[in-house]
Amino acid sequence: MQFEDVVYKINDKNGGLFQKNVKVEEKTILKGVNGIVEPGEMLAMLGPSGSGKTTLLTALGGRLGGKLQGKITYNDQPFSNVIKRNTGFVTQDDVLYPHLTVTETLVFTALLRLPNTLTKQAKVALAKNVIDQLGLTKCEDSIVGDTHLRGVSGGERKRVSIGQELLINPSLLFLDEPTSGLDSTTAQRIVSTLSDLAKGGRTIVMTIHQPSSRLYYMFHKVLLLAEGNVLYFGKGSEAIQHFSNIGYAPAMAMNPSDFLLDLANGKKIIKISYAFLPNLTCYLIFRIINFAGIYTDDAKHDHVIDKQKLISAFKSNSDGQLKLEHHEINESDGKFEEKGSGKWPTSWSQQFFVLLRRDIKERKYESFSGLRIGQVLVVAIISGLLWYKSDTSHMQDQIGLLFFITGFWGFFPLFQAIFTFPQELMMLEKERSSGMYRLSSYFVSRMVADLPMELVLPTIFLLITYFMAGLKATAINFFETLFTLLLSVLVAQGLGLALGAVVLDQKSATTLASVMMLVFLLAGGFYVQNVPKFIAWVKYISISYYTYQLFIGSQFHIGETYPCSEGQCPIEEFPPIKQVGLDLKTQWIAAMALVIMLIGYRLIAYLALMRIGITKKLA
């Protein structure tokens, strides 16, 4: 892999919230970066925060769009789907499903990413081989876990993330700070594993924050960045000698990475003579220098490192070497192996069923958590007790119960669904960027997996409340009420999915959903029967309005009567019922309106997710 004169620019907005003139300035993140990595080599990118390490890694991995300039080739080939299938990319954060075991995580990944030329048994066997290769056998049946759920250790979780990429046997493997947050022993084990992979003929490229000296000497090549500029590229063992030749050398033996990072940060240099000092004084000064990260050069006074001098020195010494290495790679005529045919490794139906199984395994823990079940049971029992054995002699009470059910099962699934896509956004971006599956197969499997889990709790709620409250105990009335409840739950869930996908910010989406549902409830006609005309139209887009209509129709029918001051009055004349109507046409319109919303909200959510993918490509 070779990269020449790689430049990346972004538009940076300057100006506060209340400033009228907001200036958009172009900011250069990468400034003409060059380098070559051969098969069997491991390249480490070093540099302080904001130096452009992750941006360069993302660009080399083919995942960065926007104003990217320069030339990046893989065996003299531009980036393509073939190269994408031969490339693994491990992000800094371990984006994994917490409730799946190590084996399940790797098996599901194998079933989705490996081509149809392999049987299911062969894919599972490859997942088992990766578990053995990465030393995960002892924890293969343990859940992955996360910050809120105890699972495997941080090092094991990182190896699982690496294992997901090794399943495709990549020729190129990119890793963004694979040792971040790990102790030195675990970090060494991770890098040793990567070194062994490189020895097998792979090209390994990683960013790393501040490696220990043991890790540093495992790297074949080192790339040092500072503010988007290359200060050094070459063998790690020759880095200190390179800077010594241009006047910068460490005052004592130390970790080379510390020395390089201090140069990139521009720390002060000081010249100290030790000839006339006693040994003890020399030792103390040495310790202070080592602690402070101060180095010596040929000058006899304090000064700040001239980064431009370092950049110019590297460019003048590196051009010939890069051209020579490029010539050697051209003669190797290496070719990437074609893995599968077409854009996707598996068919739509295969993706759907694998994702469906994975979604059910992961989602069941959240959908049937003790907190959610307890919440629904408590509300159901309290509702049943408050409306215990009410009958047609308490018409207003029964209608109040139906309106309460409308409101509760409008808010509850809505706020559960809002968090779906914002929480899964990182997982979706990670898996989609690796070409694992189609967006449509993911979306449909997600909707289908939710059906049994989202409909069980409202059914249990109604079974408890319905008969305790004394609603009509006939099969047709009960199932009409149940159908209305389940339909309204799915519509409210669809609204939550749409809001979550469009806004993608949990707090903003929750606030917007609260306002919308309150407006729907207020305009539904229960609290205010004489709604002003200028706002009355809101009820026609209200989930609560149509659900309330169907609930009324499921319990009361034209021709029935209720006790009134005149004896028995037609039930359709009761004011709240008269306002919504009981005729068959009204009921069908309400049902069709909810079905349209059921489809429409999910379509909006799908289009919003498509927009995310398009925006990311153009960013």
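Structure shown above.
Scope of this entry: the structure provided in the associated data block. Because the structure is a prediction, the values reported are computed rather than measured.

Reading the values: the criteria
Residues numbered from 1 in each chain as written. Predicted model: local features only at pLDDT ≥ 70, side-chain atom pairs only at ≥ 80, totals over all residues. Heavy atoms only, no water. Helix = DSSP H or I, 4+ residues; strand = E, 2+ residues; numbered from the N terminus. Areas by Shrake-Rupley, 256 points an atom, 1.4 Å probe, with all protein chains shown as cover. Expected span 1.5 Å × (residues − 1). Buried < 20%, exposed > 50% of the residue type's maximum accessible area, 1.4 Å probe, protein only. Contact = heavy atoms within 4.5 Å. Phe/Tyr/Trp six-rings, centres within 6.5 Å; stacked < 30°, edge-to-face > 60°. Salt bridge = Lys/Arg side-chain N within 4 Å of Asp/Glu carboxyl O. Patch = residues over 30% accessible without salt bridge, like charges linked within 9 Å, V, L, I, M, F, W, Y side chains within 5 Å.

### Observations regarding the overall build of the chain
And step 1. When helices and strands are tallied, the chain shows 22 helices and 15 strands.
And step 2. Within the structure as shown, the chain displays about 29200 Å² of accessible surface, and the carbon and sulfur contribution to it stands at 59%.

### Let's talk about helix α14 (residues 395-418)
And step 1. Counted at 1.5 Å a residue, the expected span for α14 with its 24 residues is 34 Å, and the 35 Å between its end C-alpha atoms agrees.
And step 2. With respect to burial, α14 is a largely interior element, 18 of its 24 residues being buried.

### Considerations on the environment of L439
And step 1. Looking at the secondary structure, you find L439 in helix α16 (residues 439-468).
And step 2. Given a relative accessible area of 8%, L439 falls into the buried group.
And step 3. Taking C-alpha positions, L439 is 8.8 Å from L428, a pair spaced 11 residues apart along the chain.
And step 4. When near neighbours in sequence (up to four residues on either side) are disregarded, L439 contacts L428, R432, Y606, L609 and M610.

### Notes on the packing of aromatic side chains
And step 1. In total, this model carries 26 aromatic pairs according to the counting rule given.
And step 2. With a centroid separation of 6.1 Å and an interplanar angle of 20°, the aromatic rings of F404 and F408 are classed as stacked. Pair noted here: F404 and F408 are both in helix α14, with a separation of four residues, about one helical turn.
And step 3. Judged by its relative accessible area of 30%, F404 falls in the partly exposed class.
And step 4. Every member of this aromatic cluster is reached through a ring pair, and the members are W387, F404, F408, W409, F412 and F461.

### Brief notes about the pattern of salt bridges
And step 1. On inspection of all chains with the given rule, the structure shows 13 salt bridges.
And step 2. K361 is the salt-bridge partner of E104, the closest N and O atoms lying 3.4 Å from each other. Highlighted residues: E104 in helix α3 (residues 102-113) and K361 in helix α12 (residues 348-367), separated in sequence by 257 residues.
And step 3. The exposure class assigned to E104 is partly exposed, which follows from its relative accessible area of 22%.

### Considering a nonpolar patch on the surface
And step 1. Where nonpolar side chains cluster on the molecular surface, the patch consists of F368, I373, L377, I381, L385, V456 and I460 and spans about 520 Å² of accessible area.
And step 2. Secondary-structure elements contributing two or more residues to the nonpolar patch are α13 (370-386) and α16.
And step 3. The biggest single contributor to the nonpolar patch is α13, with four residues.
And step 4. Inspection of the secondary structure puts V456 in helix α16.
And step 5. Taking the relative accessible area as the measure of exposure, V456 reaches 32% and is therefore partly exposed.

So far we have only geometry, and geometry alone does not tell us how the molecule works.
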